[in-house]
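A structural walkthrough
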Amino acid sequence: MLAVPFFLVDVPPVLDYPNHLARYFVLAHPDDPVLSQIYAPAWRVLPNLAFDVLGAELLKVVPVHVGGRMLLALSLYAPVIGVIVFSRVAFGRFLYWPLASGVIAYNGIFHLGFMNFLLSLGLALVAAAGWLALRRRGSVAVTALVGAVSVAIIFFSHIFGVVLFALMLAGLELTRLFDLRRSGRLDTSQVLQTVGLAAAVLVPLAGLYLASPVSQGLLLGDWGGIDKIGALLMPFATYSMAVTAITAVAVLTLLVLNRQYFEIAPGIGLVMIALLLIYAAAPITVGRGSFVDSRLCVMLAFVGFAGAAPRMTSQRAVVAAVVLATLIGARSAYISWVWIDHRHDVAELRSAIASVPSGARVLTARARPSVETAVGRPSRALASIFRLDGHLPALLLIERRAVWPLLFADNSQQPLIVKPAYAAIAQPLEEPVLWATLRRDSYTAKELEDAHYLPNWRSKFDYVLLTDLPADVMPLDGLSLVTKTSSAILYKVAAPPL
């Protein structure tokens, strides 16, 4: 059921996905005669390398849009696989319950395209399962080695996965010590053993952390206030607020009505309490990382599915299975419909950019800001949260080999840099500029921070691509119409007078 949508489209409506795919495409073709003049690989110690490594190799042997969907599907499946593996180890047998995590596989964080984050959750849960299995066997040295290797692998996926892995290990080890104390078997050697294992994991982590740009300090954003409550719906969030609400109400009602029938794996209660406390204190952004509190909610939901085992009567179990299977099927069907509808916007954009020559510099603009989500087609926005179409113009780079200034090529986060000749128009990690902004000749400090290429932009770009069209598109001086579709317009910038 979860796989069906991936067979229906070549470019899914997932916010960051086209931008990530464009970077993987560049990394996979370092000797491309056009792209190599604009970008250069810059491999270094970074906590977001997993999909760059996979994508750079995969896209050398498979078509870009096939390989891209394979990678995106991996990010979808990774947390579900982690839930299943941890549950199997924690409870000693395979259960049907972990499959219920499929109801939150298409969550808000997935729709935003945070692929490395989702992969790291799956890796953290699998690594925690391995730790638990090895501890039960009493193999301290092997546990230390596996823990050190695991934390390194997870680090190169995403730092949030390291946080989850650390919390899982803390929960498992503290529960083990409490159990030993309760049974009268706790002694100094057991405490030292736990401390030694923690050091075996933390030492390589500290080395990687210090060698990466993360160690240079992170700026904490706003706490969020009342908006934090909305983050609690992120595990269920999708293109429709109605679908989001129905899923959340159905799942929470099922859990509340059957709360006395669940067994919680050792240590998981502590992990969930810790995640709730961190969520309550966490800001919305940390450095350039966004939706921090929302990610914690998704993390909490997957941990809940991984660390719980129902002990229901047969009748209750059948009802729960029917409800959850129906939700998973209905959500997959709805997402399939939205993705099919998204093909219209993709086709319109491709038609608009068909005449862009390779190497051309294209400024992308939109009519409304990213937070305005009432935009017609459901595929264009995560309901009441954020627009999802801001990075679709990455197809300019992938399919036209044009210079697109918003490519994720920030050397502090990605293993790619923009060469000096094009650095003046590159603005990694930002959204398209507003169309109304281009009408002015002066800009605010915030506008220049988000788009430093704005001053004299006509002299820096060859084309302007306008998406999310306003009701009345007023022409701008110095631009001539090239192609117009129902959702995108391509303009050519007039050559400056001699």
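Attention in this report is confined to the structure presented alongside it. (Residues numbered from 1 in each chain as written. Predicted model: local features only at pLDDT ≥ 70, side-chain atom pairs only at ≥ 80, totals over all residues. Heavy atoms only, no water.)

1. Observations regarding the pattern of salt bridges
For clarity, the threshold we go by: Salt bridges are identified by distance alone: a Lys or Arg side-chain nitrogen within 4 Å of an Asp or Glu carboxyl oxygen. Strands are runs of DSSP state E lasting at least two residues, helices are runs of H or I lasting at least four, and both sets are numbered from the N terminus onward. Any residue under 20% of the maximum accessible area for its type is buried, any over 50% is exposed, and the rest in between are partly exposed; the area is computed with a 1.4 Å probe on protein chains only.
Inspection of every chain in the model, using the stated rule, returns 20 salt bridges. Notably, a salt bridge pairs Lys-446 with Asp-450, separated by 2.4 Å at the nearest N-O pair. Remark: Asp-450 and Lys-446 occur in helix α17 (residues 445-450); sequence separation between them is four residues, near one turn of the helix. Judged by relative accessible area, Asp-450 falls into the partly exposed class, the value being 23%.

2. Concerning the sheet that holds strand β9 (residues 463-467)
Quick reminder of the rule: Criterion used throughout: strands pair if DSSP finds at least two bridges between them.
An order of β8-β4-β9-β11-β10 is seen for the five strands of this open sheet, with the pairing classed as mixed. In this open sheet, the two strands that pair with only one neighbour each are β8 (433-434) and β10 (479-484).

3. With respect to the packing of aromatic side chains
To keep it simple, the criterion reads: Think of it this way: a Phe, Tyr or Trp ring, Trp meaning its six-membered ring, pairs with another when their centres are within 6.5 Å, and the plane angle makes it stacked under 30 degrees, edge-to-face over 60, tilted otherwise. The criterion is that NZ of a Lys, or CZ of an Arg, lies within 6 Å of the ring centre and within 35 degrees of the ring normal, and then a charge sits over that ring.
Under the criterion given, the structure shown has 13 aromatic pairs. One cation-aromatic arrangement involves Arg-295 over Phe-114; the distance from NZ or CZ to the ring centre is 4.1 Å. It is Arg-295 that lies over the ring of Phe-117; its NZ or CZ is 5.5 Å from the centre.

4. A few points about the environment of Ala-90
If you trace the backbone, Ala-90 turns up in helix α3 (residues 64-91). By relative accessible area, which is 12% here, Ala-90 ends up buried. Each C-alpha atom of the pair Ala-90 and Tyr-77 lies 20 Å from the other, and the pair is 13 residues apart in sequence.

5. Some thoughts on a nonpolar patch on the surface
What counts is decided by this rule: Every patch collects residues that have over 30% relative accessible area and no salt bridge, joining them within 9 Å if they carry like charges and within 5 Å if they are nonpolar side chains (Val, Leu, Ile, Met, Phe, Trp, Tyr). All accessible areas in this document rest on Shrake-Rupley with a 1.4 Å probe, and a residue is counted as covered only by the protein chains that are shown.
Taken together, Leu-145, Val-149 and Ile-153 make up a surface patch of nonpolar side chains, about 290 Å² in accessible area. Mapped onto the elements of the fold, Leu-145 is located in helix α6 (residues 140-155). Classification of Leu-145 by relative accessible area gives exposed; the value is 57%.

6. Considering the nonpolar core
To keep things clear, this is the line we draw: In plain words, nonpolar cores are sets of buried Ala, Val, Leu, Ile, Met, Phe, Trp, Tyr and Cys residues tied together by side-chain atoms within 4.5 Å. Throughout, a contact is declared for two residues whenever any of their heavy atoms are within 4.5 Å.
Ranked by internal contacts, the top residues of the largest apolar core, which has 163 residues, are Trp-339, Trp-435 and Leu-438. Contacts of Trp-339, omitting those with residues within four sequence positions, involve Pro-5, Phe-6, Val-9, Pro-12, Pro-13, Val-14, Tyr-106, Phe-110 and Tyr-239.

7. Notes on α3
Selection rule: Expected helix span is computed as 1.5 Å times (number of residues minus one). Two axes enter the bend calculation: one fitted to the seven residues ending at the residue in question, the other to the seven starting there, and the bend is the angle between them.
The terminal C-alpha atoms of α3 lie 40 Å apart, and with 28 residues this matches the ideal 40 Å at 1.5 Å per residue to within 8%. If you look at α3, its biggest bend is around 35°, right at Tyr-77, and the proline Pro-79 turns up within four residues after that. By the criterion of burial, α3 is predominantly enclosed, with 20 of the 28 residues buried. A positive phi of about 80° marks Gly-92, the residue just after α3.

Treat this as a map of the structure, not an account of what it does.
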